[in-house]
Amino acid sequence: MNKTISRLALGTATAVLMTMGSLAPARADTVLKFISWQTDDAGTGEWWHSAIAAFEKQHPGVKIEFTKAERSSYADTMTTLFAANQPPQIVHLASFEFQMFADSGWLEPLDPWLKKDGIDMTGWAGQQKCEWNGETVCIMTNYFGFVMAYNKKILDAAGVAVPKTYDEFLAAAKATTKDLNGDGIIDQFGTGHETKGGPGQYLTEMLNYIIDAGAYWTDKDGNVTIDTPEMVEGLTRWKTVMKSGVSPVDMSASDVRKLFADGKMAMRLDGPWLYGTTEKGSAKSDIVYAAPPLHPPLGGSSNVLAMPADIPDDQKALVWDFIKLTMTPEFQRSYATLGGNTPPSPTADVSGVEKTIPHFPVLIETMKAASEAGIDRIPTGLELFYNEFSKMVMEESQRMIIQDLDPAEVVKTMQAKAESIKG
């Protein structure tokens, strides 16, 4: 076990086990534990529930216990459960988290299972990211491209055109940030970014601006590339957006999405999962989806399914059946129709999806653009240290904003600390 995992596990084991309860399967029926941060997500959460219902129908006497863990502490929670030898049988992880689990030998190699069922993964979006030390250890659940959703009513009222560049986006955000009732409190924001959640999401929000500025954390060989003029520009943009007041502060992603969905925000840069929330918002009829003004669009792998290496074989067979179910044409299609997400299967039938999700062609377009540009949230060379790295970047970025530090100096600090983390 590497030192990062050991530190996390020892620090939180007792609290997590008390919170999550015993994960030993009940004996009256076979119970598969499935922990996720998406249990109540609009669209995606519904898709998971539908897959669970279908699985349970196919396997009488087998139940899947679907439990939520908060995204902000998700990696620590799962690490603790694995370290205590009490992992959930169905393993759901963000694509930037699974590497440390695989490196510890905690994840079952899936190549024999794929071979047994004759499943060809060629063209499955993002699947190459699920390989670790030459073995397939997970199945990519989602590869996405970001879009921009905007409230047409708000932009029209401000006399603002749909932005096509960063400068236009910032100007539009400033023009639509307003105190509507004159009480001195902003109640309509130009845009919104999560700043309350976990560091992985924080970096994702930042990357919109960093990638558009031509910067990234590492190069294709894994060398740290933070101390560059392009990164200075990217951090300057992030700092400007955060300090200009165009985005609410100290909010989770779900809080930000709800503000936008209810007509209290003009624009939101987000992935396909935003649609499930906006469809239930009071401003539904005013919201339009378009290609983002930042290029190339942020995108990449999102989350994966896996199974523990050290569970009984009969449980592994059931877990594999569940994973296979989510990969079927039926559920790859419903991942689009119900979840509003771009399915990773290259053969997924998405015909007619635009009839219920009008912007679906934009989702496919941005997914392809991100993929062709090689965009991913997981920096090459920092996979095993991403949790520590992302916490460092978030802390230094927040310090830059709060203390009004020069981004040119901040990148030097980040560069040195990233190199130290990598070792």
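As shown above, the structure is provided for reference.
All values derive from a computational prediction rather than experimental measurement.

Novice: Where do I start with the pairing of strand β2 (residues 62-68) in this structure?
Specialist: Of the strand pairs in this sheet, strand β1 (residues 30-36) and β2 are connected by seven bridges, and their pairing is parallel. In the sheet register, F34 faces β2, and the bridge partner there is F66. Once you follow β1 into helix α2 (residues 44-58) and on to β2, the crossover reads as right-handed.

Novice: Any chance you could explain the packing of α2 against helix α13 (residues 329-337) here in plain terms?
Specialist: Working note: a packed helix pair is described by the angle between its axes plus the distance between those axes. The geometry of α2 relative to α13 is characterised by a closest axis approach of 10 Å and an angle of 155° between their N-to-C directions. Between α2 and α13, the angle is such that the two are roughly antiparallel. Viewed along their axes, α2 and α13 form a crossing whose handedness is right-handed. Here W47, S50, A51 and A54 of α2 lie close against α13, whose contacting residues are F331, S334 and Y335. A per-class count over the contact of α2 with α13 returns five nonpolar, two polar and no charged.

Novice: What is the right way to look at helix α9 (residues 229-243) in this model?
Specialist: Every α-helical turn comprises 3.6 residues, leaving residues that sit three or four positions apart pointing alike. Here α9 spans 21 Å end to end across 15 residues, near enough to the 21 Å set by a 1.5 Å rise per residue. Listing the buried residues of α9 in full gives M231, G234, L235, R237, W238, K239, V241 and M242. The elements touched by buried residues of α9 are α7 (166-175), α8 (199-212), α16 (386-402) and α17 (407-422). In the stretch just after α9, G245 is the one whose phi turns positive, near 85°.

Novice: I'm lost on the environment of W132 in this one. Help?
Specialist: Along the chain, the position of W132 falls in strand β4 (residues 131-132). Taking C-alpha positions, W132 is 9.9 Å from M100, a pair spaced 32 residues apart along the chain. When sequence neighbours within four positions are dropped, the list of residues in contact with W132 reads Q99, A102, D103, V137, E383 and L384.

Novice: Honestly, the packing of α9 against α17 in this entry has me stumped. Any pointers?
Specialist: α17 packs onto α9 with a crossing angle of 115° between their chain directions and a minimal axis gap of 9 Å. Read as a crossing pair, α9 and α17 show a hand that is right-handed. Facing α9, whose interface residues are M231, V232, L235, T236 and K239, α17 presents P407, A408, V410, V411 and M414. Residue composition of the contact of α9 with α17, by class: eight nonpolar, one polar and one charged.

Novice: Hey, could you run me through the state of the cysteines in this one?
Specialist: Working definition: the covalent bond between the sulfur atoms of two cysteines is a disulfide. Going through the model one piece at a time under the given rule, you end up with one disulfide. C130 shares a disulfide with C138; S-S distance 2.1 Å. Disulfide C130-C138: torsion about the S-S bond near -110°, hence left-handed. Neither C130 nor C138 differs from the other in exposure class; each is buried.

Novice: Help me understand the sheet that holds strand β9 (residues 287-290), please; the structure alone is not making it clear to me.
Specialist: Note on sheets: strands pair through backbone hydrogen bonds, and any given pair is parallel or antiparallel. Read across the sheet, three strands follow the order β8-β7-β9 without closing on themselves; strand pairing throughout is antiparallel. Two strands lie at the open edges of the sheet, namely β8 (267-270) and β9, each paired on one side alone. For this sheet the average axis-to-axis angle between neighbouring strands, irrespective of direction, equals 20°. Across four bridges, the pairing between strand β7 (residues 147-151) and β8 is antiparallel. Bridge assignment links M148 to a residue of β8, and that residue is L269.

Novice: Just to check I follow, could you spell out the sheet that holds strand β3 (residues 91-94) for this structure?
Specialist: Taken in spatial order, the three strands make up an open sheet running β3-β10-β6, and their pairing is antiparallel. Looking at the sheet topology across the chains shown, the edges are occupied by β3 and β6 (139-145). When strand polarity is set aside, the average angle formed by the axes of neighbouring strands in this sheet is 20°. Here four bridges tie β3 to strand β10 (residues 299-306), and the two strands are oriented antiparallel to one another. Residue pairing across strands places V91 opposite A306, the latter belonging to β10. Along the sheet, helix α12 (residues 313-327) makes contact with β6 and β10, crossing β10 at roughly 145°.

Quick notes on the rules
- Residues numbered from 1 in each chain as written.
- Predicted model: local features only at pLDDT ≥ 70, side-chain atom pairs only at ≥ 80, totals over all residues.
- Heavy atoms only, no water.
- Pairing = 2+ DSSP bridges.
- Helix = DSSP H or I, 4+ residues; strand = E, 2+ residues; numbered from the N terminus.
- Right-handed = clockwise from strand over helix to strand, strands pointing away.
- Axes fitted to C-alpha atoms, helices over the stretch in contact; angles between N-to-C directions.
- Parallel < 35°, antiparallel > 145°, perpendicular 65-115°, else oblique.
- Left-handed = near helix turned anticlockwise from the far one by under 90°.
- Contact = heavy atoms within 4.5 Å.
- Nonpolar A, V, L, I, M, F, W, Y, C, P; charged D, E, K, R; others polar.
- Expected span 1.5 Å × (residues − 1).
- Buried < 20%, exposed > 50% of the residue type's maximum accessible area, 1.4 Å probe, protein only.
- Disulfide = S-S within 2.5 Å.

Bear in mind that shape data such as this cannot, by itself, settle questions of function.
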